[in-house]
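A look at the structure
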Amino acid sequence: MARRKKEPQSVHRKAIALVAQDQFLQKGIEHTSMDDIAKNSGYSKATLYVYLKNKEILTSYLVLQSKQPIYDFIYKVLHENNTCKEHFFGICNSLYEYHKLYPLYFSLVHKTIRFDEKCDNFLPEEKETFEVGEKINAIVYDFIDSGIKNGDFRSDLKIKPTIFTIWGMVSGLIELASNKEEYLKTIIEVDKNDFLQNGFALIFDSIKAR
């Protein structure tokens, strides 16, 4: 325990979060208790509460961890020297890869973020998550805005609603394909990847310039 106390708080929070992530995947967030996390992490419950006071804070911490990799994925894609269409498919496929790497994080991205700049009743993790989310929205906004100005996207698009519409459709397709992979293969007779690429193409066609 003495060694643990010498380590930075961030080390403990990450260690606890890794165990919580595994427990959440196995049992679901609602059915996982702080007792479960303490038992599986090797921390006493009292020590656990020193670093993450309750499950709400722990979940908020995981949501924050889920957002930064998405920003990194999309930033990398949009800074490659590709066409507008290739950038769009790059965003979609980076989210697909993200889902494969971090299935729990992918689902947590949809979690409601309680944050109001005029109110002090929010967690520090929620503020950070909000700020990372705004960074993601900003780079996607610039991508769509540039596409409109270059004549690649429809000029009548309202950019902010379009961002959330695209996000909803892409993430919905990814989750559907993952949850119904066997059905797609046996009943619809289509490979999951082909299904997704076709879906991404339909979304792109709905916003591209005519």
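Summary of the structure given here. (Residues numbered from 1 in each chain as written. Predicted model: local features only at pLDDT ≥ 70, side-chain atom pairs only at ≥ 80, totals over all residues. Heavy atoms only, no water.)

1. Things to note about a nonpolar patch on the surface
On the surface, a nonpolar cluster with roughly 310 Å² of combined accessible area is contributed by Y183, I187 and I188. With respect to the helices and strands, the residue I187 is situated in helix α10 (residues 181-188). Exposure remark for I187: the relative accessible area of 54% places this residue in the exposed category. (Patch = residues over 30% accessible without salt bridge, like charges linked within 9 Å, V, L, I, M, F, W, Y side chains within 5 Å. Areas by Shrake-Rupley, 256 points an atom, 1.4 Å probe, with all protein chains shown as cover. Salt bridge = Lys/Arg side-chain N within 4 Å of Asp/Glu carboxyl O. Helix = DSSP H or I, 4+ residues; strand = E, 2+ residues; numbered from the N terminus. Buried < 20%, exposed > 50% of the residue type's maximum accessible area, 1.4 Å probe, protein only.)

2. Remarks on helix α6 (residues 84-101)
Between its first and last C-alpha, α6 extends 26 Å over 18 residues, near the 26 Å set by a 1.5 Å rise per residue. Along α6, the residues classified as buried are C84, H87, F88, F89, G90, I91, C92, S94, L95, Y96, Y98 and H99. (Expected span 1.5 Å × (residues − 1).)

3. Observations regarding the pattern of salt bridges
As a working rule, side chains carrying opposite charge can pair if their charged atoms are close by. Taken as a whole and judged by the stated rule, the model has eight salt bridges. The salt bridge partner of E80 is K76, with a shortest N-O separation of 3.2 Å. Owing to a relative accessible area of 56%, K76 belongs among the exposed residues under this scheme. For D145, the salt bridge is made with K149, and the minimal N-O distance between the two is 3.0 Å. Within this pair, D145 and its partner K149 are both found in helix α8 (residues 124-149), separated by four residues, close to a single helical turn. Look at K149 and you get exposed, because its relative accessible area is 66%.

4. Some points on unusual backbone geometry
The phi dihedral of E189 falls on the positive side, at around 60 degrees, and the residue is not glycine. Locating E189 in the fold gives a position in the loop between α10 and α11 (192-207).

5. As for the side chain of S41
Tracing the backbone shows S41 in helix α3 (residues 34-41). Among the polar contacts listed, one links the side chain of S41 to the backbone oxygen of A38, at a separation of 3.2 Å. A distance of 3.3 Å separates a polar side-chain atom of S41 from the backbone nitrogen of Y43. (Polar contact = N/O pair within 3.5 Å; in protein donor to acceptor, adjacent residues only side chain to side chain.)

6. Description of the nonpolar core
Counting residues in hydrophobic clusters, the biggest one holds 56 residues, and the most contacted among them are I37, F88, I144 and F153. The element contributing the most residues to this core is helix α5 (residues 55-78), with 10 residues. When residues no more than four places from it in sequence are discounted, the contact partners of F88 are F143, I166, F200, I203, F204 and I207. (Core = buried A, V, L, I, M, F, W, Y, C linked by side-chain atoms within 4.5 Å. Contact = heavy atoms within 4.5 Å.)

7. A short note on the packing of helix α2 (residues 9-27) against α5
What describes two packed helices is the angle between their axes and the distance between those same axes. Orientation of α2 relative to α5, taken along the N-to-C sense of each, is 95 degrees, at an axis distance of 10 Å. On the basis of the axis angle, α2 is roughly perpendicular to α5. Here S10, R13, K14, I16, A17, A20, Q21 and F24 of α2 come into contact with α5, specifically with K55, L58, T59, Y61 and L62. By residue class, the composition of the contact of α2 with α5 is seven nonpolar, three polar and three charged. (Axes fitted to C-alpha atoms, helices over the stretch in contact; angles between N-to-C directions. Parallel < 35°, antiparallel > 145°, perpendicular 65-115°, else oblique. Nonpolar A, V, L, I, M, F, W, Y, C, P; charged D, E, K, R; others polar.)

8. Quick look at the side chain of H99
For H99, the position within the fold is in helix α6. H99 sits in the buried class, given a relative accessible area of 13%. Those residues in contact with H99, other than ones at most four positions away along the chain, are F106, I174 and S178.

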